[in-house]
Amino acid sequence: MSYHLPVILFLLPFATAICMPMVGSRRRRWCRPMALTAVFAMCVAAVINLWIVVEHGETRYAFGGWPISTSLPDHPLGIEWVNDGLASVMLVAVSFLAWLCLFYGGPLTPQSLGAREALYYTLILMLISGLTGIVLAGDIFNVFVFLEVSALSAYALVGIPGGRALIVAFRYLILGTLGASFYLLGVVFLYATTGTLNIADLGQQIADKPELMTSKAVIGGTTFMFIGFGIKMALFPLHGWLPGAYTLAPDSISPLLAALMTKVALYAWVRIMFWALGARAEIGQVHVLALLGGFGAVAAVVGALLALIQEDLKRMFAYGGISHVGLILIGVSQGNQTGFAGSMFYLINDAVMQAGLFFVAGAAIHQHGARTVEDLSRLRLSPWMIGAITVLAMSMIGIPPTGGFFGKWNIILGAIEAGNYSAVAAVVVATLLTMAWFQRLFVRIFSDMQESPGAAGAEMHPSLRLSVGIPAAAVIVLGLCSDPIIRFFRETAAAAGL
Amino acid sequence: MLELIEAALQRPNFIAFVVLFLWGFFIMVTHSNLVKKLIGMYLVQTSILLLLVTIGVKQDATVPILQGSDAVLSTADQMTPADYTNPLPHVLALTAIVVQVATLGVSLALVTAIYRKYGSLDEDEILQRIE
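None of the values given here were measured: they were computed from a predicted structure.

Thresholds applied
- Residues numbered from 1 in each chain as written.
- Chains lettered and ligands numbered in written order.
- Predicted model: local features only at pLDDT ≥ 70, side-chain atom pairs only at ≥ 80, totals over all residues.
- Helix = DSSP H or I, 4+ residues; strand = E, 2+ residues; numbered from the N terminus.
- Rg over C-alpha atoms; globule rule 2.2 N^0.38 Å.
- Buried ≥ 20, exposed ≤ 12 C-beta atoms within 10 Å, placed from the backbone.
- Contact = placed C-beta atoms within 7 Å.
- Axes fitted to C-alpha atoms, helices over the stretch in contact; angles between N-to-C directions.
- Parallel < 35°, antiparallel > 145°, perpendicular 65-115°, else oblique.
- Nonpolar A, V, L, I, M, F, W, Y, C, P; charged D, E, K, R; others polar.
- Expected span 1.5 Å × (residues − 1).
- Core = buried A, V, L, I, M, F, W, Y, C linked by C-beta atoms within 7 Å.
- Arc of directions from axis to C-beta.
- Left-handed = near helix turned anticlockwise from the far one by under 90°.
- pLDDT = per-residue confidence, 0-100.
- Pairing = 2+ DSSP bridges.

## Some points on the overall build of chain A
Phase 1: Secondary structure summary: chain A contains 18 helices and four strands in total.
Phase 2: At 22 Å, chain A has a C-alpha radius of gyration in line with the 23 Å of a compact globule built from 498 residues.
Phase 3: For chain A, the spread of C-alpha atoms along the principal axes amounts to about 75 × 60 × 45 Å.
Phase 4: Relative to its 498 residues, chain A shows a buried fraction of 61%.
Phase 5: Long-range contacts, defined here as pairs at least 24 residues apart, represent 80% of the contacts in chain A between residues at least 6 apart.

As structure tokens, then:
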């Protein structure tokens, strides 16, 4: 039973997604409870799975019993799912955030859906199962398929409100498909050279035959893969699709996309980078990690700079997310355990923070019609939102005792350990810029205390209150428990060859 | 330089795929008509699929179905892998085609919805109408 747990985890949202149109066409009121129950069961399974992995070590799932061992004379013929420390923690994060986003989405579900509500929940569950698949996949082609499963659901979900959202959804689709195509091209190149798709086997072959890394096909394949993931994780020059899509997506959907899509793509790249290419990989004379660190530094600074000049609240947070993807890449690319552990911890924190910020942005639109920074003074009517955004801002900037501080602290420590002071400077500059754009928000919220924020509207829905409160509480809890979590990630970093 | 050209000419199919890929990419980037963008996207994906299929091919090899008498087939050691083409790239291409079809379906649905809303397929015209 415990061996099959990763597959059960994937099947819970997947099977519910398939049943949803059948049940939902007759009984529309059942859709939401069904989706919530399925994802809640997934949370429970993910926690049990994490406990099993911590107690008994990683498991590798062989589909259909086909051999997956990478030691000769066997060849990894079958499809493999890797359920190791990193994956199991990611699974917990993905399932909890997905449940929270579903829970939050209730009062904000677009009214225009009508009878299509069942299909809406089907798409959300498909998205969640696709993300679960990416986290678990131990095979580069599998990653491609799951990337597309989650991305296709995301395109459709972004387009729900109609009008301008359709245009950004189309743009997202074109760029996302281009990214996936680049990734597939990379997979073809690697397969043509090594004859394997299994990540562990690729890693072994590259470790055994270092000359592979000088072959043009492997260099080209790696580059294409990185471009593909760069689009999927919205790395700075390739981020064009993200701000529009997150701004115009329904308020109930943008937290889910913001929290999970880019982070899981980043996770998939980390897995391929460390487990297949190896931490010491070099292309030509250039260290791959050094290159990544450079990209990350540029993205961190420019993303925060762009966030500073935005007027629309959701767009501002979207650029904040782009900046944080850069920060995580900086930490990953320092080539030591401290940086890696800090980054992975920050990745989870960032997912929570992005979810929380978009919760607040969506609730502000729903409750007070506040879309832009100008309207923010109306937020004073809702103490829950003010409290949540204050705590989340502390975490985004990196003030203890929130989780954001400990992540960033370890990223900086890792960069100092590697003697990479330009990376330290980039993190500090990005932090200052993040502080600057939150400063803009708080000045708008708290300035002109005499000015009446307008008549008090309807009471905030209790589930909305709870769902803006939970991420804020979660970043503090993550901060207080940061020590064991970071220690755990250090162990996974050792497994990654650092 | 001459060696490079010579090496490239040995695999003319690869040149065709590169041309197809870049052509599709060019259409995707330059055309403002949404359906033409999709055609470009389709060309890009197809060129990758063709590349995927061709890398499984071997000279003088046949379909990957075991041949010979039953006695020979009972011992897998006696078969020579060089006699058979690699079936895996075909399977991968099949899966990728399914993904491609799904993508095309979603994208055409989006284009239809855009056309119903704005009455145009030209991106510039639509953007003008929004403003």
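## Brief notes about the overall build of chain B
Phase 1: Helices and strands together make up the secondary structure of chain B, namely six helices and zero strands.
Phase 2: The order of α-helices and β-strands along chain B, N terminus first, is α-α-α-α-α-α.
Phase 3: In summary, chain B has a C-alpha radius of gyration of 22 Å against a globular reference of 14 Å for 131 residues, an excess of more than 25%.
Phase 4: Overall size of chain B, expressed as C-alpha extent along the three principal axes, is 75 × 45 × 15 Å.
Phase 5: Taking all 131 residues of chain B together, the buried fraction comes to 22%.

## Brief notes about the packing of helix 3 (residues 34-54) of chain B against helix 5 (residues 88-118) of chain B
All names here are of chain B.
Phase 1: Their axes nearest at 10 Å, the elements helix 3 and helix 5 cross at an angle of 175 degrees. Classed by the angle they form, the pair helix 3 and helix 5 counts as roughly antiparallel. Contacts between helix 3 and helix 5 involve Leu-34, Val-35, Leu-38, Tyr-42, Gln-45, Leu-49, Leu-52 and Val-53 from the former and Pro-89, His-90, Leu-92, Ala-93, Ala-96, Ile-97, Gln-100, Leu-104, Ser-107, Val-111 and Ile-114 from the latter.
Phase 2: Of the residues contributing to the contact of helix 3 with helix 5, the split by class is 15 nonpolar, four polar and no charged.

## Digging into the interface of chain A and chain B
One widely used convention gives an interface's size as the accessible area the parts lose upon coming together.
Phase 1: Contact with chain A, which involves 22 residues of that partner, is made by 25 residues of chain B.
Phase 2: Among the elements of the structure, helix 5 (140-158) and helix 6 (164-194) of chain A are those that each provide at least two residues to the side of chain A that touches chain B.
Phase 3: A total of 13 residues in the side of chain A that touches chain B trace back to one element, the largest contributor, which is helix 6 of chain A.
Phase 4: Here the residues of the side of chain A that touches chain B sort into 15 nonpolar, five polar and two charged.

## Describing helix 10 (residues 254-277) of chain A
Residues spaced three or four apart along an α-helix point in a common direction, a consequence of the helix completing one turn every 3.6 residues.
Residues and elements named next belong to chain A.
Phase 1: Taking 1.5 Å per residue, 24 residues should reach 34 Å; helix 10 reaches 33 Å between its end C-alpha atoms and fits that length.
Phase 2: Counting buried residues in helix 10 gives 24 out of 24 residues, a clear majority hidden from the surface.
Phase 3: Two residues or fewer past helix 10, Gly-278 is found with a positive phi of approximately 90 degrees.

## Details of the nonpolar core
Phase 1: Leu-97, Ile-124 and Ala-169 of chain A are the most contacted members of the largest nonpolar core, which totals 222 residues.
Phase 2: Among the elements that make up this core, the one with the highest residue count is helix 6 of chain A (21 residues).

## Observations concerning helix 7 (residues 199-208) of chain A
Residues and elements named next belong to chain A.
Phase 1: For helix 7, the full list of buried residues reads Ile-199, Asp-201, Leu-202 and Ile-206. Taken end-on, helix 7 shows its buried residues confined to a sector of 160 degrees, consistent with a single buried face.
Phase 2: Its buried side turned inward, helix 7 meets helix 5, helix 6 and helix 10.

## Quick word on unusual backbone geometry
Phase 1: In this structure, Pro-401 of chain A follows Pro-400 of chain A across a cis peptide bond, with omega equal to 5 degrees.
Phase 2: You can see Pro-401 of chain A is positioned in the loop between helix 14 (383-397) and helix 15 (403-417).

## Looking at the packing of helix 12 (residues 313-332) of chain A against helix 15 of chain A
Residues and elements named next belong to chain A.
Phase 1: In the contact formed by helix 12 and helix 15, the axes pass within 9 Å of each other and the chain directions differ by 40 degrees. It follows from the interaxial angle that helix 12 and helix 15 lie oblique. In the packing of helix 12 onto helix 15, the handedness of the crossing is left-handed. Residue-level inspection shows Leu-327, Ile-330 and Gly-331 of helix 12 in contact with helix 15, the latter providing Ile-411, Gly-414 and Ala-415.
Phase 2: In the contact of helix 12 with helix 15, the residues fall into four nonpolar, two polar and no charged.

## With respect to the environment of Arg-444 of chain A
Residues and elements named next belong to chain A.
Phase 1: Note on placement: Arg-444 falls in helix 16 (residues 421-446).
Phase 2: Of the residues examined, Arg-444 has 18 C-beta atoms within 10 Å and is grouped as partly exposed.
Phase 3: A C-alpha to C-alpha distance of 40 Å links Arg-444 and Met-42, two positions 402 residues apart in sequence.
Phase 4: Those residues in contact with Arg-444, other than ones at most four positions away along the chain, are Val-373, Glu-374, Leu-376 and Ser-377.

## Observations regarding the environment of Phe-63 of chain A
Residue and element names in this part refer to chain A.
Phase 1: Take Phe-63: it is sitting in the loop between strand 1 (59-62) and strand 2 (80-83).
Phase 2: Separated by 372 residues in the primary sequence, Phe-63 and Met-435 place their C-alpha atoms 48 Å from one another.
Phase 3: In this structure, Phe-63 is in contact with Gly-78 and Ile-79, ignoring residues within four places of it in sequence.

## Some words on the confidence of the model for chain B
Residue and element names in this part refer to chain B.
Phase 1: Summing up the model confidence of chain B, the mean pLDDT is 84 and the portion of residues at 70 or higher is 90%.
Phase 2: For chain B, per-element mean pLDDT is lowest for helix 4 (residues 70-74), which scores 61, and highest for helix 3, which scores 92.
Phase 3: The complex model carries a pTM of 0.92, and its ipTM stands at 0.91.

## Observations concerning the pairing of strand 2 of chain A
All names here are of chain A.
Phase 1: Neither face of strand 2 is exposed, since Glu-80 and Val-82 on one face and Trp-81 and Asn-83 on the opposite face are all buried.
Phase 2: For strand 1 and strand 2, the ladder comprises four bridges, and the chain directions are antiparallel. Looking at strand 2, one finds that Arg-60 is bridged to Val-82.

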